[in-house]
Amino acid sequence: MKLIKKVGIFIDSIFEKLALTSLIALVLVVTTQVATRKLFNFVFFWSEEVTLLLLGWFAFMAIAIGFREHIHLGIDSFTNLFPKIFNKVLDKIISISIFAFGLYLVVQGWDFTVLMMESTLPATKLPSSITYIAMPITGIMICGYSLLHLFNKDTTRYKDLEEGM
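Residues numbered from 1 in each chain as written. Predicted model: local features only at pLDDT ≥ 70, side-chain atom pairs only at ≥ 80, totals over all residues. Heavy atoms only, no water.

## Describing the packing of helix 1 (residues 2–40) against helix 2 (residues 47–68)
Okay, so step 1: Interhelical geometry of helix 1 versus helix 2 gives an angle of 145° and a closest axis separation of 9 Å. Between helix 1 and helix 2 lies a crossing whose hand is left-handed. Along the contact surface, helix 1 presents D12, F15, E16, L18, A19, S22, L23, A25, L26, V29, V30 and Q33, while helix 2 presents S47, E48, V50, T51, L54, L55, W57, F58, M61, A64, I65 and R68.
Okay, so step 2: Considered class by class, the residues forming the contact of helix 1 with helix 2 number 16 nonpolar, four polar and four charged. (Axes fitted to C-alpha atoms, helices over the stretch in contact; angles between N-to-C directions. Helix = DSSP H or I, 4+ residues; strand = E, 2+ residues; numbered from the N terminus. Left-handed = near helix turned anticlockwise from the far one by under 90°. Contact = heavy atoms within 4.5 Å. Nonpolar A, V, L, I, M, F, W, Y, C, P; charged D, E, K, R; others polar.)

## Brief notes about helix 6 (residues 134–150)
Okay, so step 1: An ideal rise of 1.5 Å per residue puts 24 Å on 17 residues; helix 6 measures up with 24 Å between its terminal C-alpha atoms.
Okay, so step 2: Those residues of helix 6 not exposed but buried are A134, M135, P136, T138, G139, M141, I142, C143, Y145, S146 and H149.
Okay, so step 3: Downstream of helix 6 by a residue or two, N152 has a phi angle that is positive, lying close to 60°. (Expected span 1.5 Å × (residues − 1). Buried < 20%, exposed > 50% of the residue type's maximum accessible area, 1.4 Å probe, protein only.)

Shown next as structure tokens:
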């Protein structure tokens, strides 16, 4: 069991580092794009395409990380009016619904990825499937997190962060 936990944390760490790297790359590309346009009246031909690619990847990975950290939208003020048993059942239904969403991302994302394998992006000449492969990867992570939540395993990695700063 400890080996499975270590492997899971390792995969999760790689996923998180990839999300952070894509965000940093996104900021650098956009900053370069704006600076070269304003200072030199020149824009790299690939910058908009890479920006959109990185934005899509980061957005999908952030969805999974949001589920992991329990920072997705919740209406606790309404559900707190009900008994605890109702909230426990509701939490299970939410975990199953999140799993279904992750499964949807896996299936549809894989279909999009396969469909776009033969076309290329115009500026970078990368396969168009690179845009869509983020969907099934995110779906797999969401399915994993939701299964862990379903069995009451805590996936939160950042417990000391203060809300409402």
